[in-house]
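An overview of the molecular structure
Each chain, written out:
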Amino acid sequence: MSRAFRFLRRYPTIAVGGTLLFLLILMAIFAPWIADKDPMALSPVHRARVPSERFWFGTDLLGRDVYARVVYGARVSLVVGFTVAILSAVIGTIIGLTSGFVRWIDAIVMRVMDGLMSIPTILLAIALIALTRASLQNVIIAITIAEVPRVVRLVRGLALSLREQPYVEAAIAAGASPVRVVFKHIFPNTIAALTVQTTYICGLAILAEASLSFIGAGVPPSIPSWGNIMAEGRALWQIKPHMIAFPALFLSVTILSINMLGDGLRDAIDPRMAKRI
């Protein structure tokens, strides 16, 4: 217990970011119990109400409870963020290790990755979704394809550096197979940097999903999302700012907590970085 306390005291950003993110995850899991109203229930007589004791975050143009929609919207954002981060890390690690260790594949793979990275994430995601249809699954696939090159470049760079280390050359000279060298000597040394990069991708994916939903290219309007909640309230944002303020606040807090957690993990993994800061 004392060790955990000392660790959290030394790295407060991990404690604060992790706590905020944990609370948001609990909110998403227990949304049906936290929000007692149906986020899709229409009530024209209660349209565009300001925050009150009955409607904590007010109502939108269709009379739907903004509080319930914001709580349920956390599910979409967190699912997209965590899924994209995990898929990007797994796919990018496999491609990056292969590219960094097998020389003849490197030139081909990296030209493809450079081509994907030259296109902004949002534009690439819009183009991919335009070829299919708006759905949560397609949003995840589109953002994952846009984020994989970041992981590939990171892991590939680490693999190129690590394969020149004496212990890797010794393992090769001892007759170890390429697969054993990669997964026993190279991959474990990429986990630290990969963990920090994954938190960054998670926050970026949540922001990308909100941006896509805001412009109508993300999840369908039938699914509450912080992006489409803000999009529906932008027509009256000057006189009814609560329609945008509350989902924007939760979006900001979510990304802030993930970034704080990533910064804390970076400092914990590389103490020299913390000293320089």
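Rules used in this analysis
Residues numbered from 1 in each chain as written. Predicted model: local features only at pLDDT ≥ 70, side-chain atom pairs only at ≥ 80, totals over all residues. Heavy atoms only, no water. Helix = DSSP H or I, 4+ residues; strand = E, 2+ residues; numbered from the N terminus. Contact = heavy atoms within 4.5 Å. pLDDT = per-residue confidence, 0-100. Patch = residues over 30% accessible without salt bridge, like charges linked within 9 Å, V, L, I, M, F, W, Y side chains within 5 Å. Areas by Shrake-Rupley, 256 points an atom, 1.4 Å probe, with all protein chains shown as cover. Salt bridge = Lys/Arg side-chain N within 4 Å of Asp/Glu carboxyl O. Core = buried A, V, L, I, M, F, W, Y, C linked by side-chain atoms within 4.5 Å. Buried < 20%, exposed > 50% of the residue type's maximum accessible area, 1.4 Å probe, protein only. Axes fitted to C-alpha atoms, helices over the stretch in contact; angles between N-to-C directions. Parallel < 35°, antiparallel > 145°, perpendicular 65-115°, else oblique. Left-handed = near helix turned anticlockwise from the far one by under 90°. Nonpolar A, V, L, I, M, F, W, Y, C, P; charged D, E, K, R; others polar. Arc of directions from axis to C-beta. Phe/Tyr/Trp six-rings, centres within 6.5 Å; stacked < 30°, edge-to-face > 60°. Polar contact = N/O pair within 3.5 Å; in protein donor to acceptor, adjacent residues only side chain to side chain.

1. Observations concerning the environment of Ile 95
Mapped onto the fold, Ile 95 is located in helix H4 (residues 66–101). Along the backbone, Ile 95 and Val 152 are 57 residues apart, and their C-alpha atoms lie at a distance of 6.1 Å.

2. Thoughts on the environment of Phe 55
One can find Phe 55 in the loop between helix H3 (31–34) and H4. For the pair Phe 55 and Lys 37, spaced 18 residues apart in the sequence, the C-alpha separation amounts to 9.8 Å. When near neighbours in sequence (up to four residues on either side) are disregarded, Phe 55 contacts Lys 37, His 46, Val 50 and Asp 65.

3. Details of the confidence of the model for the chain
With 93% of its residues at a pLDDT of 70 or more, the chain has an overall mean of 81. Here helix H13 (residues 271–276) stands out as the least confident element of the chain, with mean pLDDT 46; H4 is the most confident, with 89. Segment residues 272–277 is flagged for pLDDT under 50; beyond a separation of four residues in sequence, or across chains, it makes six contacts in the model.

4. Let's talk about a nonpolar patch on the surface
A cluster of nonpolar side chains, contributed by Ile 86, Leu 87, Val 90, Ile 91 and Ile 94, occupies part of the molecular surface with about 440 Å² of accessible area. Structurally, the position occupied by Ile 86 is in helix H4.

5. Here we look at the nonpolar core
Met 27, Val 70, Ile 206, Trp 226, Phe 250 and Leu 251 are the most contacted members of the largest nonpolar core, which has 30 residues in total. Secondary-structure elements contributing two or more residues to this core are helix H2 (12–29), H4, helix H10 (191–214), helix H11 (226–233) and helix H12 (242–269). Discounting residues that sit within four places of it in the chain, Ile 206 has contacts with Ser 77, Leu 78, Gly 81, Leu 251, Thr 254, Ile 255 and Ile 258. Core analysis: the next-biggest nonpolar cluster, separate from the first, contains 27 residues, Val 155, Val 168, Val 181 and Leu 194 among them.

6. A few points about the packing of H4 against H10
Each pair of packed helices gets described by two things: the angle between the helix axes and the distance between those axes. Running from N to C, H4 and H10 cross one another at 135 degrees; their axes reach a closest spacing of 8 Å. In this view, H4 runs oblique relative to H10, as classed from their interaxial angle. Crossing angle aside, the handedness with which H4 passes H10 is right-handed. Each of Val 76, Ser 77, Leu 78, Val 80, Gly 81, Phe 82, Val 84, Ala 85, Ser 88, Ala 89 and Thr 93 in H4 lies in contact with H10, whose residues at this interface are Leu 194, Thr 198, Ile 201, Cys 202, Ala 205, Ile 206 and Glu 209. When grouped by side-chain class, the residues that make up the contact of H4 with H10 number twelve nonpolar, five polar and one charged.

7. Some details on helix H6 (residues 121–131)
Listed in full, the buried residues belonging to H6 are Thr 121, Leu 124, Ala 125 and Ile 129. Here the buried residues of H6 occupy an arc of 130 degrees about the axis, which is enough to place them on one side. Exposed side chains of H6 directed beyond 90 degrees from the buried face belong to Leu 123, Ala 130 and Leu 131. Close packing links the buried residues of H6 with helix H5 (103–117), helix H7 (136–162) and H10.

8. Re the packing of aromatic side chains
What the rule picks out here adds up to two aromatic pairs. Centre to centre, the rings of Phe 30 and Trp 33 are 6.0 Å apart; their planes meet at 65 degrees, and the pair counts as edge-to-face. Taken together, a centroid distance of 6.3 Å and an interplanar angle of 45 degrees make the contact between Trp 226 and Phe 250 tilted. Linking Trp 226 in helix H11 with Phe 250 in helix H12, this pair joins segments that are 24 residues apart in sequence. Here Trp 226 falls in the buried class, since its relative accessible area comes to 0%.

9. Focus: the side chain of Thr 199
For Thr 199, the location among the structural elements is in helix H10. Polar contacts involving the side chain of Thr 199 include one to the main-chain carbonyl oxygen of Val 196, which spans 2.6 Å. Once residues within four sequence positions are removed from consideration, Thr 199 is found in contact with Ile 258, Gly 262 and Leu 265.

10. Considerations on the pattern of salt bridges
Across all of its chains, the model carries three salt bridges by this definition. Linking Asp 114 and Arg 111 is a salt bridge whose minimum nitrogen-to-oxygen distance equals 2.9 Å. Taken together, the positions of Asp 114 and Arg 111, both in helix H5 and three residues apart, correspond to about one turn of that helix. For Arg 111, a relative accessible area of 52% puts it in the exposed group. Residues participating in the shared-partner salt-bridge network are Arg 111, Asp 114 and Arg 153.

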